[in-house]
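# Structural description and commentary
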Amino acid sequence: METTSLAIRPKGSSYQEKLDELLGLQKTTSDRPYSIIHRLNLAKSYLGLGYPELAASDAYKALLLVDEVSEEAEFHEKALEAALADLETCTKSAWIHHDGCTCESAAKDADNEQSVYGCATTCWLRAAYDILVPCLIDVGCLRSAFDYNARALKAFPGGSSFTSYQSTLSARLEKHFKGQGETLEGTDIEEYPDKGSVRRELYPWNEYEPDRYAPDVLEFLNSELEKVAPKLEVKVSELPFLSTSSSTDTNPRTVKQLGVFARQDIPPNEVILREKSLLTAISRLHDTYCDACSAALPHPTTSDQETSQLTCEDCFEVFYCSPSCQTLAEESYHPSVCSIPLSQKVSAKDAADELYTLLLIRAIALAEQQDLHPLELKEVRYIWGDYHSIPPSSVYPSSTTKGEIPRTLPFSWNANVLRPLHILSQMDVNIFTSSPERYDTWIFNTLYAKFRGTASARQSELDGRPELSAVHPLWCLANHSCDPNVSWVWEEGEMRFWVRGERVEWSPPRDGEGKGKEAGLKKGEEVFSHYCDISLSVKERREWAVGALGGVCVCERCVWEASH
Ligand SMILES: C[S@@+](CC[C@H](N)C(=O)[O-])C[C@H]1O[C@@H](n2cnc3c(N)ncnc32)[C@H](O)[C@@H]1O
């Protein structure tokens, strides 16, 4: 029997049944972490629910396990044992089992490793590629899809689904390069696009997302805020619902989110928040910045200073600005990644994405060192994920894997799957037993969703490339206005808010005077930060806001300036 492209779309079952099936599979993974058939079933289940990237990730783990069965690799014994147990199941799985497959005879001769090997490298391998390749095409990772399809065609020459993926890929690539005024012929494979996007979703099985508006959560956030900003408090705020059109709605909708408010009157120029964070990323040489807080380190000018630099005595690759940063790093994350090379050389256009990946790796190191789930880290747990608000059940089953949920989360095969798995392996974390519970693509996607809405970055003074990034979980609770009442700076390893000495002058002038509002914060007033350069024109600010805020900014200043 021939499997055909995406022949495994769900038929007949309800959304709840499909979701229950997936939850059942996720729960039993810890009993069968090395089972290829189990990974394939997980992949099929994710795909059926509209998550091609999660399907691709488990299909890839199935591929890795086929390698483990075939070679004397680290998990060979365990993978072989699981494969022997899988033989029976294979014959019962019509979408995996192929005519000519050796599993039936192998099942009768379960001690014969050669027969198991035959089965793993034929129908299981084929089924894994048959999910992996079309899912990668679907999410826009065309170079990786091309690469795996070439391997599939080598293993199964003339396999009709792989020939058809080849044609789909060529058509997609031709269209891509034509759009850039180039041709596919003569373009190096390395130049093929390998980034796409996926749903930015609070996954229905994600039990780690807190109710951010619950009294106990607000109490916790306020106890944390008290330590760094005693005159501020976190409260539920009503924000305008932003759309991508700038038309003025007579009855504007609002949404409930968190915001930061003044507990008392605060005069202009007073510093009101000082926050340090360990969730930082540095893409430069490590002797330039403190590995923990990212404060700039003094340039060692004499050999005395050089030898007195605080560093890790095991790897000598990270440096610290103070004994307290060193202690924090050693207690909270560094030993998990000590001696592991973390950053990669990337082109200028990939520099910002690289910082998000380094933040992800730091979150993994924090979680591993503290034996916490990454989504339970205090730096991560309460921050805004900007998830879509469409119930997945309302678009199920869609005729294509795209569904109707917009795909707004950038996704790359390297950043969301390969790189974290590689780092985990170097950290000696078992990538089979630790997924899907602790380290899985859905968890990495969730972390990226949170970082993309909240991280701040700093550019290099040398070449303008982004080189530092950090998530400050309390600072990032403040909302945006183009007429902010506070300013912020991230320097010397801390994020600071201070009350603006002067408010922005609106253009054209308000009240004919050219004056802005009065500076200072009144008790109960919401603290408004600025996420963009507020000296830009209203048109430019609004163009920026569509990407960063999710819609056209409707702060008082934008509305005034746009209407005049
Ligand atoms: C960094 S978060 C700010 C804190 C967030 N409100 C929370 O609940 O954690 C950024 C998000 O807040 C919302 N936001 C911030 N400023 C806004 C504004 N002026 N108008 C509408 N939404 C805003 C947008 O949804 C944006 O994606």
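This section reports on the structure supplied with the text. Computed from a predicted structure; not experimentally measured. (Residues numbered from 1 in each chain as written. Predicted model: local features only at pLDDT ≥ 70, side-chain atom pairs only at ≥ 80, totals over all residues. Heavy atoms only, no water.)

## Observations concerning the sheet that holds strand β9 (residues 456–459)
Pairing within the open sheet is antiparallel, and its 3 strands lie in the order β5-β10-β9. Either end of the sheet is taken by a strand with one partner, and the two such strands are β5 (280–282) and β9. Recorded for the sheet is a direction-independent mean angle of 20° between the axes of neighbouring strands. Pairing geometry for β5 and strand β10 (residues 466–470), over 3 bridges, is antiparallel. Paired with Ala281 across the two strands is Ser469, which belongs to β10. (Pairing = 2+ DSSP bridges. Helix = DSSP H or I, 4+ residues; strand = E, 2+ residues; numbered from the N terminus. Axes fitted to C-alpha atoms, helices over the stretch in contact; angles between N-to-C directions.)

## Some points on the sheet that holds strand β4 (residues 271–275)
Judged by pairing direction, the sheet is antiparallel, and its 3 strands sit side by side in the order β4-β13-β12 without closing on themselves. Each end of this open sheet is capped by a strand with a single partner; those strands are β4 and β12 (486–491). Along the sheet, successive strands turn relative to each other by an average axial angle of 15°, direction set aside. Two strands pair when backbone bridges link them, and β4 and strand β13 (residues 494–499) are joined in this way by 4 bridges, in the antiparallel orientation. Within the sheet, the bridge partner assigned to Leu273 lies in β13 and is Phe497.

## Structural notes on the side chain of Gln26
Along the chain, the position of Gln26 falls in helix α1 (residues 15–28). Taking relative accessible area as the criterion, Gln26 reaches 13% and is therefore assigned buried. Among the polar contacts made by the side chain of Gln26, one reaches the side chain of Tyr46 at a distance of 2.9 Å. If near-sequence neighbours (up to four positions away) are discounted, Gln26 is found in contact with Leu42, Tyr46, Trp205 and Pro436. (Buried < 20%, exposed > 50% of the residue type's maximum accessible area, 1.4 Å probe, protein only. Polar contact = N/O pair within 3.5 Å; in protein donor to acceptor, adjacent residues only side chain to side chain. Contact = heavy atoms within 4.5 Å.)

## What about the packing of aromatic side chains?
On inspection of all chains with the given rule, the structure shows 22 aromatic pairs. Ring centres 6.2 Å apart and planes at 25° place the aromatic pair Phe156 and Phe162 in the stacked group. Using a relative accessible area of 0% as the deciding quantity, one classes Phe162 as buried. Relative to Trp442, the ring of Tyr203 has its centre 6.0 Å away and its plane inclined at 75°; by these criteria the two rings are edge-to-face. Linking Tyr203 in the loop between β1 (195–199) and α9 (215–228) with Trp442 in helix α15 (residues 441–454), this pair joins segments that are 239 residues apart in sequence. Accessibility assignment for this pair places Tyr203 and Trp442 in one class, buried. Counting every residue linked through ring pairs, the aromatic cluster contains Tyr46, Tyr51, Tyr203, Trp205 and Trp442. Directly above the aromatic system of Tyr51 lies the positively charged group of Arg199, at a separation of 4.9 Å from the ring centroid. Directly above the aromatic system of Tyr333 lies the positively charged group of Arg362, at a separation of 3.8 Å from the ring centroid. (Phe/Tyr/Trp six-rings, centres within 6.5 Å; stacked < 30°, edge-to-face > 60°. Lys NZ or Arg CZ within 6 Å of the ring centre and 35° of its normal.)

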